[in-house]
Structure formats: structure tokens, C-alpha cells
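Architecture and fold: a report
Spelled out, the chains give:
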Amino acid sequence: MVLLKLLKSQFLCHLVICYVFLVSGIIINLLQICTSPVWLVSKQLARRINITLGYCISSQLVAALDWWSGTECTLYTDPKTSPLYGKENAIVVLNHSYDIDFLCGWAFCDRFGVLGSSKVLAKRELSYVPVIGWMWYFLEIVFCKRKWEEDRRTVAQSLQNLRDYPENFWFLLFCEGTRFTPKKHQISMQVAEGKGLPKLKYHLLPRTKGFWVTVQNLRGTAAAVYDSTLNFRNNDVPNLLGVLNGKKYHADLYVRRIPLESIPEDEAECAAWLHQLYQEKDSFQELYAQTGRFPGPTVSSACRPWPLINWLFWACLLLYPLGLLLTQLTTSGSALAISASVALCLTVSLLLRWMIGQTEIDRGSNYGSKEFPLNNN
């Protein structure tokens, strides 16, 4: 075990993982571009192809969490509703507190077979990020500029386009709009005080307009809201670099299924409902802080082998020609060839580090700044 832990922390292993992810991702992006003519013939066929191609990318990150890091996830939920997970369209409302909360959400999707078709409301800048952002474009991810007057129509139209989606999907929604930090929390609670809203201890005020538009446009398409609250044992603050170094975390996820028809249609009433939901989420986090567990029973949700099998497939496909190339370059004795080999390794490492940096909390939005004034509506 000590030897394995040491191996996982080695830079060479990280380079291999990065290389496989980036090169396979670019290949898959190119294949997704090649599906463009298929959209003209059969939109549903093109969607199914892109679901499979998208899974080949996103499942590699899930494999890193489940199989490389060995992170465990305990699911707290009602055993009566858990059989519906993966068999219906749903809106997943998740707290936004960690660098890898999106990855835990993906792992949750994969356990119930909807990772390839999962959706998210993401900032438009992410659509320009190679591999993940380009994959999302072909998966019809809903992008926004965080400017309500511009987003209202485009987000609604993107959601309407999902009404005839051929596979069950989960729409992941971070209603807080940005990751929790003490500074952002202080600003958010000042807004709460000014508006006469109850203060939250573990969350930022939810942004109600985006939630209302999502619910209204997915009525008749999504069956429920999955209220999901995530925390980590031992006060861990996980990040992607920790996962890449093979550090094991233990996540606890509490999920409640709320039928969509129980959510008010009126915008003001829906906003009040969401604020009440976050009061309840805060109480769950308080219980977790005091007892180390969420309320209710746990349900078995073991990780699936497919993400690992997918990564092994791409590793076998891509590492052999890379090994031949590097061998030829280094044995040639050419200083230029050796320099090219080193430059290739450094480029792969820097590219992935840049992509990881986009997920870090301190690289989050300018919440409450003068350039981006806070609006929790």
C-alpha cells in the first residue's frame, strides 16, 4: 500500500494520465465535429453518438476519482425513491462548496447510468476550454453569461431544446451561482439582511431566477428535483490535484427526491420555495457538522467498472505509439529530438494544470465586485 501510494504521487504517472486524457479528448472532439452532418439527417442519432463520445471523456475523470484516488461516496436517501434514479429526467440542485463538487456530481450520475447525457448550467467561458468545453457544446449544455437580461431568452431556448432528448438526463444546477468562500458568504449575508431574508451558515443565497426559468422550461420533461447536499469527512477540502496525487477522500451525499409538480409555478412563490429549500439544506449541513452524518438511511451505490475500462482502452491505444516515438527520439542522440521530448511532456503537464486551475475556488467568479454586482434574483 505504501508503494502504491508513492507510485500515485509520481510526476511520470501524472503525465501519463494527463496525456491520455488530453489526446483522447482532442480525438473525441474531432469525432464530435464529424457528427455535424449527421445532425442534418437524424438529430436523435447524432445526439446518441455524442452521448457515447461525451461519456468517453467525462468518465475518465470519474475513473480518476473512483479508481485512482479510491474516493468513496456514501449515499443518504430514501430507499423508496432511489429505484427511480436514472430512470427519469431530473433537476439536481447541489451545494457549491468544493473544487470537485462537480466531479462528485458526475460520479453520482455515473452510478445511475446518466453520465453521458447529464447536463449543467455553465458559464459561457467554459465552452472555449478544449476537451471538456468542446464536448459540452456537442452535448447541448446550457451556457450563460451571468447577465440576466441576455441569458433569459437563450437559457430558456436551450432548455426547450431538451424536451425531445432521446435519453434520460439529469440537469445539474448550482443555484448559488459560484463556489462558497468566507468572503462571498459575508457579501451574500449582507444582501440577505438587506432583503429581510433568513441568513444561511453553510450556503450563499440561491439565485432564484435561474432556478425558476429551469423549472418552468423543464416542466413536463423532468419529473423531479433531486435536492443534493454534499460534504466530506474529516473536514477535508478536496481538489483535483489531490485526486491526481491519489489522495483518498470520503464523500457523503444526501439526496431528496421532490416531485416537480410540488414546486410553485408563480415566480415569486417559486423564489420563496427555493429560499426555504436552502434553509433546509443549511440545517442538514448543521446536523452533519454536529454528528458526522446526514439524516435518514444509506443506500448502496457502488462505482461501475465502465469508467476504468474506458480509460484502459484509451491508454492502450495511445501509450504504445507514444512509447515508440519517445524511444526513437531519445535513441537518436539528437539534442533537438531530446529537447522536443521534454517540451512535449512539459506542454501536456502545463495544459492540464491550466485546466485544473479553471476549477479552483480562488479562480471563481468576481462575486459582488463592482464589475459584477451581486444580484440574487
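Preceding this paragraph is the structure being described.
Presented here is an overview of the structure given in this document.

Thresholds, definitions, all that
- Residues numbered from 1 in each chain as written.
- Predicted model: local features only at pLDDT ≥ 70, side-chain atom pairs only at ≥ 80, totals over all residues.
- Heavy atoms only, no water.
- Helix = DSSP H or I, 4+ residues; strand = E, 2+ residues; numbered from the N terminus.
- Contact = heavy atoms within 4.5 Å.
- Phe/Tyr/Trp six-rings, centres within 6.5 Å; stacked < 30°, edge-to-face > 60°.
- Buried < 20%, exposed > 50% of the residue type's maximum accessible area, 1.4 Å probe, protein only.
- Axes fitted to C-alpha atoms, helices over the stretch in contact; angles between N-to-C directions.
- Parallel < 35°, antiparallel > 145°, perpendicular 65-115°, else oblique.
- Left-handed = near helix turned anticlockwise from the far one by under 90°.
- Nonpolar A, V, L, I, M, F, W, Y, C, P; charged D, E, K, R; others polar.

Let's talk about the environment of L53
- By the secondary structure assignment, L53 is in helix α4 (residues 43-68).
- Separated by 85 residues in the primary sequence, L53 and F138 place their C-alpha atoms 9.7 Å from one another.
- Not counting the four nearest positions on each side in its chain, L53 is found in contact with I28, L31, Q32 and T35.

Here we look at the packing of aromatic side chains
- Applying the stated criterion across every chain yields a total of 20 aromatic pairs.
- Between the aromatic rings of Y76 and F294, the centroid separation amounts to 5.9 Å while the plane-to-plane angle is 80°, which identifies the pairing as edge-to-face. Residue Y76 is located in strand β1 (residues 72-76), and its partner F294 is located in the loop between α11 (267-291) and β8 (298-299); the two are separated by 218 residues in the primary sequence. Here the two residues Y76 and F294 agree in accessibility, since each one is buried.

Things to note about the packing of helix α9 (residues 208-218) against α11
- Closest axis-to-axis distance for the α9/α11 pair is 9 Å, and the angle between their directions is 115°. With respect to α11, the element α9 is oriented roughly perpendicular. The way α9 lies across α11 gives a crossing that is right-handed. Side by side, α9 and α11 meet where T208, K209, F211 and W212 of the first sit next to E267, C270, A271, W273, L274 and H275 of the second.
- When grouped by side-chain class, the residues that make up the contact of α9 with α11 number six nonpolar, two polar and two charged.

Re the packing of helix α2 (residues 11-34) against helix α12 (residues 306-331)
- It is at 9 Å that the axes of α2 and α12 come closest, and there the two elements cross at 100°. Here α12 runs roughly perpendicular to α2, going by the angle between their axes. Where α2 abuts α12, its residues V16, I17, Y19, V20, V23, S24, I27 and I28 lie against W311, W314, A315, L318, L319 and L322.
- Looking at the contact of α2 with α12 residue by residue, the class counts come to 13 nonpolar, one polar and no charged.

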